[in-house]
Amino acid sequence: MSSRRPVPVVVWLQTVKHFRSDRALAVARANSRCLSTRHDRLAPHDDRRSTGSVAASSCDYRYPLPSPSPSVDFGDDRIAVRGKKTSEILRSWFVYKLFTSDFVVDNSLKLFSLAKRLMGKRLRDRLVKATVFGHFIGGESEEDMVSCAKKLASNNISSAWNYSVESDSSAVVKTEQEMREKEKMFNRHNQHYLKSFELSAKHNNARNKTRFAAIKLTAIVDTLLLRKLNSMVTASNQVFHSLSSSPTTEDPLGRAVSLELLKEKFPTVFKDTYRTSKSKTLNVVEWTGNLSLAENASRYAEILKGQGDNLATLSDLELEQLNGFVHRLRDMGECACSEGVRVLVDAEQTYYQEAINHMAVHHLARRYNTGPAPVFYNTLQTYLRVSLWAKLT
């Protein structure tokens, strides 16, 4: 293996096992290389409730931090094609051209269904596998995935492992039994994420290799609960905005709320801050930090009093679901720290995103980004205007 430092190219390890598998195959990302494994061929999992430590609040990397990589010339095509066959390069060109067509992108699901009617499912899937799947996905088993990662490593390219399962379900959990079944599923998904962290560490094990993995939070929590949490976070941000003042309205971080005003309106919510703060105001970061969904979800009830039908009131089932969600996140944090893996929290649907941002920044990052290098990275959908606010806050 080359002794040179690795080219900092992110290579997604992405599965084809989606709750919406047709869309996963039809709508692919044309700006990254993906490796894959099937959901049911990963290592055995444990259905029991996650038991992540709730006491740890710092992260010590198991391995030394990688040395800074030299500057990379992204105009050097040799890096991109090193180790590739001519057929693979031609396929990449074809897939790139395919996804630069507005017609194909806008009608991808319809075309996917049409191909099934004209060719049959088996022939259509073989065609997709030879083209789009073959370009984005590295294999259908853990063995294929490892083989692809080793091939990339031989060309001095690191890999980021992405077990890409997600949900957008609208099914309401009505009974405790239904909740238990869903919790088992979320715990299985979480075990696969932990496995991907271990594989990333194992196959990027040189001292100067940065280990990356990616997660989707909708794979490990009920999406209706996530929507409710999203509404709570969004509404609380609006409360902050209505109470705050800013000398420069274009600067979100310049906005602040007077502690005297907060004491008058919310005498108990920020009581620790009232007692210890040396400042006379509270900025948006401090506001959100005091309203951690993972630790202080009950505080939203007072903040959002009178703002709708039980907007900030979580039922016993929802509280238990939230508790399971937090434990799974802490399992991830402990594993990522242990294996020395940096984790990208993937952006998802906009009606979940405020809650995802909150958990990524105010729980995972605050809790585990305390060592010499970040462990968790939030991601932004930069095509959305609201991402500017997220970036600043």
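Our subject is the structure that appears above.
Below: a short report on this structure. Worth saying up front: this structure is predicted, and the values here are computed from it rather than measured. (Residues numbered from 1 in each chain as written. Predicted model: local features only at pLDDT ≥ 70, side-chain atom pairs only at ≥ 80, totals over all residues. Heavy atoms only, no water.)

1. What to know about the overall build of the protein chain
Piece 1. The helix and strand inventory of the protein chain stands at 17 helices and eight strands.
Piece 2. With 393 residues in all, the protein chain has 48% of them scored as buried.
Piece 3. Contacts in the protein chain between residues at least 24 apart in sequence constitute 78% of all its contacts with a sequence separation of at least 6.
Piece 4. Within the structure as shown, the protein chain displays about 20,400 Å² of accessible surface, and the carbon and sulfur contribution to it stands at 52%. (Helix = DSSP H or I, 4+ residues; strand = E, 2+ residues; numbered from the N terminus. Buried < 20%, exposed > 50% of the residue type's maximum accessible area, 1.4 Å probe, protein only. Contact = heavy atoms within 4.5 Å. Areas by Shrake-Rupley, 256 points an atom, 1.4 Å probe, with all protein chains shown as cover.)

2. Quick word on the packing of aromatic side chains
Piece 1. Inspection of the entire model under this criterion finds nine aromatic pairs.
Piece 2. Aromatic pair F266 and W287: ring centres 6.4 Å apart, planes at 70°, arrangement edge-to-face. Of the two residues, F266 sits in the loop between α10 (259-265) and α11 (271-276) while W287 sits in helix α12 (residues 284-289), which places them 21 residues apart along the sequence. When sorted by exposure, F266 lands in the same class as W287, which is buried. (Phe/Tyr/Trp six-rings, centres within 6.5 Å; stacked < 30°, edge-to-face > 60°.)

3. Some words on the pattern of salt bridges
Two side chains with opposite charge may pair up if their charged atoms get near one another.
Piece 1. A complete count under the given rule lists twelve salt bridges for this structure.
Piece 2. A salt bridge links D125 to R124, with the nearest nitrogen and oxygen atoms 3.0 Å apart.
Piece 3. Residue E318 pairs with K228 through a salt bridge whose shortest N-O separation is 3.2 Å. Of this pair, E318 sits in helix α15 (residues 316-339) while K228 sits in helix α9 (residues 223-243); the two residues are 90 residues apart in sequence, bridging distant segments of the chain.
Piece 4. Overall, E318 belongs to the buried group, its relative accessible area being 18%.
Piece 5. The exposure class of K228 is buried, given its relative accessible area of 19%.
Piece 6. Members of the salt-bridge network, linked through shared partners, are K121, R124 and D125. (Salt bridge = Lys/Arg side-chain N within 4 Å of Asp/Glu carboxyl O.)

4. Details of the nonpolar core
Piece 1. Counting residues in hydrophobic clusters, the biggest one holds 59 residues, and the most contacted among them are F197, L262, F266, F270 and W287.
Piece 2. Considering each element in turn, this core owes the most residues, nine residues, to α9.
Piece 3. Once residues within four sequence positions are removed from consideration, F197 is found in contact with A213, I215, M332, C335, A336, E339, V341 and V343.
Piece 4. With eight residues, the next largest nonpolar core counts V95, F112, V132 and I137 among its residues. (Core = buried A, V, L, I, M, F, W, Y, C linked by side-chain atoms within 4.5 Å.)

5. Regarding a nonpolar patch on the surface
Piece 1. A contiguous nonpolar surface patch, about 660 Å² in accessible area, is contributed by F103, L111, L114, L118, M119, L123 and L127.
Piece 2. Elements supplying a minimum of two residues to the nonpolar patch: α5 (108-119) and α6 (121-136).
Piece 3. Assignment of secondary structure puts L118 in helix α5.
Piece 4. On the basis of relative accessibility, which here comes to 68%, the residue L118 falls in the exposed class. (Patch = residues over 30% accessible without salt bridge, like charges linked within 9 Å, V, L, I, M, F, W, Y side chains within 5 Å.)

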